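Letter by letter, the chains look like this.
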Amino acid sequence: WIQGGAPGQVVISQMSSNGVNCLSADSLEGCLMTELKGGRRSGPLVSQTIITDGNWHRVGFTWDGSNRILYVDDVLVAEDTQSNLAGASAGLFIGASRGLEPDGFWSGLIDDVRIYGRVVAP
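Every chain begins its residue count from 1, and numbering advances along the sequence as written. For this predicted model, a pLDDT threshold of at least 70 governs which residues receive local features, and a threshold of 80 or more governs which side-chain atom pairs are given and counted, while totals over whole chains, interfaces and linings are taken from all residues. Heavy atoms from the whole structure form the basis of all side-chain values; hydrogens and water molecules are not counted.

1. Let's talk about the nonpolar core
Threshold: The definition of a nonpolar core used throughout is a set of buried Ala, Val, Leu, Ile, Met, Phe, Trp, Tyr and Cys residues joined through side-chain atoms within 4.5 Å. We call a residue buried when its accessible area falls under 20% of the maximum for its residue type, exposed when it is over 50%, and partly exposed in between, using a 1.4 Å probe and counting protein chains only. Here a helix means four or more residues in a row that DSSP labels H or I, a strand means two or more in a row labelled E, and each is numbered from the N terminus. Two residues form a contact once any of their heavy atoms are found within 4.5 Å.
The biggest cluster of nonpolar side chains holds 16 residues, and the ones touching the most others in it are Leu32, Ile51 and Val59. Only strand S2 (10-14), strand S3 (21-25) and strand S7 (67-72) provide two or more residues apiece to this core. When residues in this core are grouped by element, the largest group, three residues, is from S3. In this structure Leu32 touches Leu23, Ser24, Leu45, Val46, Ser47, Thr49, Ile51, Val59, Gly60, Leu70, Tyr71 and Val72, once residues within four positions along its chain are discounted.

Shown next as structure tokens:
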């Protein structure tokens, strides 16, 4: 669950020298996006759903081994095919960007963060 924030700010990021912003608001409009990807030719997955509007939103990301999917308030808002994702061996930052840049810190509220290593229905 998130509330507030601003475009370009990060909800969850992977901590490492080559880490990524796992869930964030895009820098243009504040739409939910992920930078989790498999290869260099892949790009971020960006939704058209603004999450920085001041309302509480339940945001989520899933990968089923073939598809990256973003959810906002239990509704699928973006999806693409991604055959593999880069693995992660380091920890996570909650409310901070991968490089801890000051403008990447989430300025709103984050509540009830859950990360599963199994299938969970939205």
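The rest of the description comes next.
2. Quick notes on the pattern of salt bridges
Note the cut-off: A side-chain nitrogen of Lys or Arg and a carboxyl oxygen of Asp or Glu constitute a salt bridge if their distance falls within 4 Å.
In the structure shown here, the tally under the stated rule is four salt bridges. Residue Glu35 pairs with Arg98 through a salt bridge whose shortest N-O separation is 2.5 Å. In this pair, Glu35 sits in the loop between strand S4 (31-34) and strand S5 (45-50) while Arg98 sits in the loop between strand S9 (92-94) and strand S10 (109-110), placing the two residues 63 residues apart along the sequence. Residue classification places Arg98 among the partly exposed positions, given a relative accessible area of 36%.

3. Description of the sheet that holds S3
Strand pairing within a sheet occurs via backbone hydrogen bonds; the two strands may be parallel or antiparallel. Applicable threshold: The rule for pairing is simple: two strands pair if DSSP sees at least two bridges between them. Under this scheme, a helix contributes an axis fitted over its contacting stretch, all axes are lines through C-alpha atoms, and angles between N-to-C directions fall in the 0 to 180 degree range.
With antiparallel pairing, the five strands of this open sheet are ordered in space as S5-S4-S3-S2-S9. Every other strand in the sheet has two partners, leaving S5 and S9 as the edge strands with one partner each. Adjacent strand axes in the sheet meet at a mean angle of 15° when their direction is disregarded. Here S2 runs beside S3; their pairing, made up of three bridges, is antiparallel. Bridge pairing links Ser13 to Asn21 in S3.

4. Here we look at the sheet that holds strand S6 (residues 59-63)
An order of S6-S7-S8 is seen for the three strands of this open sheet, with the pairing classed as antiparallel. In this open sheet, the two edge strands, each paired with only one partner strand, are S6 and strand S8 (75-81). Here the strands of the sheet are splayed against their neighbours by 15° on average, with no regard to which way each runs. In this sheet, S8 lies alongside S7 in antiparallel orientation, the contact comprising six bridges. Note on S8: the bridge partner recorded for Arg68 is Asp80.

5. Notes on the pairing of S4
Neither face of S4 is left uncovered, since the one carrying Cys31 and Met33 and the one carrying Leu32 and Thr34 both have all their residues buried. The pairing of S3 with S4 spans two bridges and is classified as antiparallel. Note that in S4 the partner of Ala25 across the bridge is Leu32. Hairpin connection, S3 to S4: the antiparallel pair is bridged by five residues, and Gly30 has positive phi, about 90°. Pairing of S4 with S5, which is carried by three bridges, proceeds in the antiparallel orientation. Bridging from a neighbouring strand, Cys31 pairs with Ile50 of S5.

6. A few points about unusual backbone geometry
Unusually for a residue other than glycine, Leu100 sits at a positive phi of about 55°. A relative accessible area of 42% means that Leu100 is categorised as partly exposed. Positive phi outside glycine occurs at Asp112, with the angle close to 60°. Mapped onto the elements of the fold, Asp112 is located in the segment after S10.

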